[in-house]
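Structure assessment
Listed below are the residues making up each chain.
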Amino acid sequence: MQTHGFTLIREEAAQEIGGTARLWHHAATGAQLLSIRNQDENKCFGVCFRTPPADSSGVAHILEHSVLCGSERFPTREPFVELLKGSLQTFLNAFTFPDKTCYPVASANLQDFYNLIDVYLDAVFHPRITEDIFRQEGWHVSADSDAPWVYKGVVYNEMKGVYSSPESVLGEQSQQAVFPDMLYSLDSGGEPESILQLSYEAFTNFHARYYHPSNARFFFWGDDPEEDRLKRLDSELARFSTSPMDSHIPLQPRRDCPRLIEHAYAAGADETRAMITVNWLLCESNRTEEALALEMLEHILLGLPGSPLRRALIESGLGEDIAGAGLETDLQQMYFSVGLKGIDAGAYAEVEKCIFDTLAELAGGIAADAVEAAVNSAEFALRENNSGRFPRGLAAMVRSLSTWLYDGDPLAPLRYEAPLASIKNRLAAGEKFFETLIKTWLLDNTHRASVLLTPDAGMAQRREDAESARLQAFRDRCTEEEQLGLIDETRKLHTLQTTPDRPEALAAIPHLQLADLPKHNTPIPLEERRIAAMPLLFHDLDTSGIVYFEILLPLTAVPQRLIALVPLFARALTEMGTQQRDFAKLGMDIAAKTGGLDAHPFFSAGLKQQGALAFLSLHGKATADKVDDLFALMVEVLLQPDFNQPERFAQMLLEEKARLEHSLVPAGHGLVSARLRARYHVSAWLAELSGGVTYLDSLRARAAKLETAWDACRQDLLDLHGLLAQCGGAVLNLTCRPELAARVEVLAKTLFSGLPQQTPAPADDWLCPDLSAAEALCVPAQVNYVGTAANLFALDYHYHGSVNVILRHLRMAYLWERVRVQGGAYGAFCTFDRLSGILTLLSYRDPNIARTLDAFNGAAEYLRTLQLDKRELTRAIVGAIGDVDAYMLPDAKGSASLMRWLTGITDELREQMREEILGTRLQDFHAFAEVLDKARHNAHYCALGGNQLEEYARGQDWKITKIL
Ligand SMILES: [Zn+2]
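Structural notes, computed from the coordinates. Predicted model, so just to flag it, every value in this text is computed and none were measured.

The rules behind the values
Residues numbered from 1 in each chain as written. Predicted model: local features only at pLDDT ≥ 70, side-chain atom pairs only at ≥ 80, totals over all residues. Heavy atoms only, no water. Helix = DSSP H or I, 4+ residues; strand = E, 2+ residues; numbered from the N terminus. Buried < 20%, exposed > 50% of the residue type's maximum accessible area, 1.4 Å probe, protein only. Contact = heavy atoms within 4.5 Å. Lys, Arg positive; Asp, Glu negative; His and termini not counted. Charge placed at Lys NZ, Arg CZ, Asp CG, Glu CD. Phe/Tyr/Trp six-rings, centres within 6.5 Å; stacked < 30°, edge-to-face > 60°. Lys NZ or Arg CZ within 6 Å of the ring centre and 35° of its normal. Pairing = 2+ DSSP bridges. Axes fitted to C-alpha atoms, helices over the stretch in contact; angles between N-to-C directions. Donors = N, O, S within 2.8 Å, 3.2 Å for Na, K, Ca; no water. Tetrahedral: all angles 85-135°; square planar, octahedral: opposite > 155°, others 65-115°. Core = buried A, V, L, I, M, F, W, Y, C linked by side-chain atoms within 4.5 Å. Polar contact = N/O pair within 3.5 Å; in protein donor to acceptor, adjacent residues only side chain to side chain.

In this section: the overall build of the protein. Broken down by element type, the protein carries 37 helices and 28 strands. For the protein, the C-alpha atoms occupy an extent of roughly 80 × 65 × 60 Å along the three principal directions. Scored against the burial criterion, the 964 residues of the protein give a buried share of 60%. Looking at the protein alone, contacts between residues at least 24 apart form 81% of all its contacts between residues at least 6 apart. Charge-centre separation for the protein: the mean point of 91 positive side chains lies 2 Å from the mean point of 129 negative side chains.

Encoded structure:
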């Protein structure tokens, strides 16, 4: 069949994708198209290129950023941002992998979907990648006649952030160690020093060479008509002809001798802890049955707290937490990476020995329940197909590329039924299937490399010094004329960045009209039932036969001193064992019978009360045939936990501490935000106590004295259990079809007959702390996270839906310009919580401090004088409606509805919010300027960063706390 320039190569109906897949070939250009038609209204499109790098200059990554900065038909500075401002997109981003670059979009609105595709296609094939764009997104010397020069660039700064995170360095080095002889040994994201070597010429050549239809793989998914897909692509491809393309990705040849590679990471002055991973090259990704089997093997080895390899490593006492990415399946050949963090560098060989001894033992025989748990977990995940907020179609695209990119069958990774059945059959026939895999791919596999990452306290400073020296040497080499030229260029770039786009150019970017938007919210089904005295919220949604159930236990009675223990208590319920099974057996049974069962605390403000909503949520999911097992397990963990396990508790504590420490640099904005919010609302203070810097302090304090204080700690756990295992004030939440709900209600009645009925008296000591108005949290890092906050309710502001539009615009227009484009930070956020009244402004991976704070403080003035034409206002409104209408899978809908019920956000309030959003006018922006102005005069500040921050904080008299 031939249509719109495409020839049909293959057609297949597949149950796994809920529809039909067609593989097309574009005759004139050689472009390939995988077109999947099914009922998913969350339509997805992607264009992907093979982009093998030749060095670590980050050229592929810089190009990924740059092509979104204006194109032939859409010659504005950032069409991508215009789309973000005013689209109903459910996904809009771009990714650079070690060997490919992908541009995916998704939307549940057909016209919006087409708009996104039009802009993306023009961006990749006809970008306006000028030298200024290269300098802005890649790197440049920001030169000034009377200030020190600095290197700037969005990607340069982003990658400095990545290289400041020991975890990221370990991940990158582990991959490079497995592929020493081919291009996966390079960093396609860009190694900061190498980025500074990249020339504009090399950059444009890379685009000319690889961004061609002959090197493109197009992907469609969803319920949009196929005919239009072909037509749309054909008209875009009409300007091209076939080009000889050499983008071949070579295979890594197998080596026959294991290696050890040592690297240093930038650490704090007293840091002595090292990390190690062992990394194996596995088979090619196109062996799909083996790939699925290896996923199951990963689960057997590491998937659960009691999995033998995880357990052996943790119980060895050699380190704090598991390291390594586990199984990696995105590249042409898979690899497996596992190790330990927080070790003594001298003990690395013992860690290796522990790994190999454990594997050798497992090769002799794996427990049947571990195998059952792994197979069930893999099967549940495949059938549930829950990609969270990431659209299902795009998850399928990424999976498909694991073979398709290397000229393999694009459908093979999506069709899991046959390999799953085959594995089950082989196991049923008694084959020692996973034991053989361990032997072949791990024990007898000589192609492996260990990566040892050791702390270097001077590294951050040396890097900074080297950067300054390099820049100074460059400045000294420049003639006066050249210096003036650079200063001029810097000024020119700044002018370009601050010159508004031409209205005609902006008008060319397609967007929806207000009339295209649904007038009303789509309510989530909610029926309030009762089980004994407890409300049961039931959401009648099609969950493909899965039951999602949770019980919320109020934390109201927990005194403040025990709040920091709640996250560990929550983990203890499902990870420490019960009076009937030890923790390993419990984990295995949960995995074998359910799709997951876990507990976590959450805190929020609510419209109906002054204080905090505070709950422990225990939630689980299972297929219809295993609902009884799910409930039996829930009863058991809730009523018969075994807190008498000091070693297991100590392991969880160290793990928890290590995880939080490792998140400081890559996710510092989260800690800054939590810290700022803590002073304004008691719910936010509880969240900080159990997830922020204060939580880290308490974990450290507990870890330091655990041996002597175990009895007290155990008593704390028992006290918490006494306060929580009650049904007074509890809430149940259930999402599934009614026929399943009836069965669940019977089970729930039995379950809760065992729970004590009383409601303990509320704790009376929850009080926000008096924190300094300006705080610096210091860590060894090359980037900053800068934040400011205020409580608008305390300043007499009353929530109005227009704030959704205004703050979205503030983030996408003003903060994006000032903090990202001009300031060189990777990102900036601005959020308002309508429940607590807290407004926060944050920057992400930021080279500046004072400049960013100036930008934050200038927000009020920006709004006061803002002029928006009708089109811009419409875009801002459409974008805000896009947030309100965010696409959700059924389980997420059930959770969202529960949250609204708890916090008092009724359908009526949401309808009012929608009306206010749709009716937002320019006057609302101007009026909000006054609110921001008041906020500025009452604001608190907090930042997380390295030496630069410490110096700044000293000069400004901020409170300085070293946290790493
Ligand atoms: Zn990037």
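Using the criterion set out here, one finds 39 aromatic pairs in the structure. Consider the rings of phenylalanine 113 and phenylalanine 220, whose centres lie 6.2 Å apart with planes at 80°: the pair is edge-to-face. Pair noted here: phenylalanine 113 is in helix α3 (residues 110–125) and phenylalanine 220 is in strand β11 (residues 216–222), with a separation of 107 residues, a long-range link. Across the pair, phenylalanine 220 and phenylalanine 113 agree in class, each one buried. Judged by centre distance (5.9 Å) and plane angle (35°), the rings of tryptophan 280 and phenylalanine 336 are tilted. Here tryptophan 280, found in strand β13 (residues 273–284), pairs with phenylalanine 336, found in strand β15 (residues 333–344); they are 56 residues apart in sequence, far enough to count as distant. Through pairs of rings, three or more aromatic residues link up here, namely Phe45, Phe49, Tyr103, Phe113, Tyr114, Tyr120, Phe125, Tyr211, Phe218, Phe220 and Phe240. For lysine 100, the ring lying beneath its charged end belongs to phenylalanine 97, and the centroid distance is 4.1 Å. If you follow arginine 232 out to its NZ or CZ, it ends over the ring of tyrosine 114, 3.8 Å from the centre.

Strand order in the open sheet formed by six strands is β17-β18-β22-β19-β21-β20, with mixed pairing between adjacent strands. With partners counted over all chains shown, the strands left at the sheet margins are β17 (527–531) and β20 (596–604), one partner each. Within this sheet the neighbouring strands show an average axis-to-axis angle of 25°, counted without direction. Direction of pairing for strand β18 (residues 534–540) relative to strand β22 (residues 731–736): parallel, over a ladder of five bridges. Looking across to β22, one finds that histidine 539 is bridged to threonine 735. Across the sheet, helix α23 (residues 627–639) lies against β19 (546–554), β20 and β21 (613–623), angled at about 145° from β21, the strand it touches most.

A few words now on the coordination of the zinc ion. Distances from the zinc ion to its protein donors, His61 (NE2), His65 (NE2), Glu158 (OE) and Glu158 (OE), fall at 2.1 to 2.7 Å. Classification of the site at the zinc ion as irregular follows from its four donor atoms and the range of 54 to 153° in their angles at the metal. The motif formed by the donor residues of the zinc ion, counted along the single chain, is H-x3-H-x92-E. Residue histidine 61 and its partner histidine 65 are located together in helix α1 (residues 59–66), separated by four residues, close to a single helical turn. Residue classification places histidine 61 among the buried positions, given a relative accessible area of 5%. Residue class for histidine 65 comes out buried when judged on its relative accessible area of 9%.

Turning next to helix α26 (residues 682–689). The element α26 is extensively covered by neighbouring structure, given that seven of its eight residues are classed as buried. Turning to α26, its buried residues number three or more, namely Val682, Ser683, Ala684, Trp685, Leu686, Glu688 and Leu689.

Here we take up the nonpolar core. Counting residues in each nonpolar core, the largest one holds 91 residues, and the members touching the most others are Phe549, Phe649, Leu734 and Phe752. In terms of residue count, the dominant contributor to this core is helix α29 (residues 738–753) (seven residues).

The subject of this paragraph is the environment of histidine 520. Summarising the element assignment, histidine 520 is placed in the loop between α19 (503–508) and β17. Excluding residues within four positions of it along the chain, histidine 520 makes contact with Glu911 and Arg914. Polar contacts involving the side chain of histidine 520 include one to the side chain of glutamate 911, which spans 2.5 Å.

It is worth spelling out the sheet that holds strand β23 (residues 774–778) at this point. Here we have six strands laid out as an open sheet, ordered β25-β26-β24-β27-β23-β28, and mixed in their pairing. Two strands lie at the open edges of the sheet, namely β25 (827–832) and β28 (959–962), each paired on one side alone. Recorded for the sheet is a direction-independent mean angle of 15° between the axes of neighbouring strands. Inspection of the sheet shows β23 paired to strand β27 (residues 940–945) by five bridges, in the parallel sense. For alanine 774, the partnering residue across the bridge sits in β27 and is tyrosine 941.

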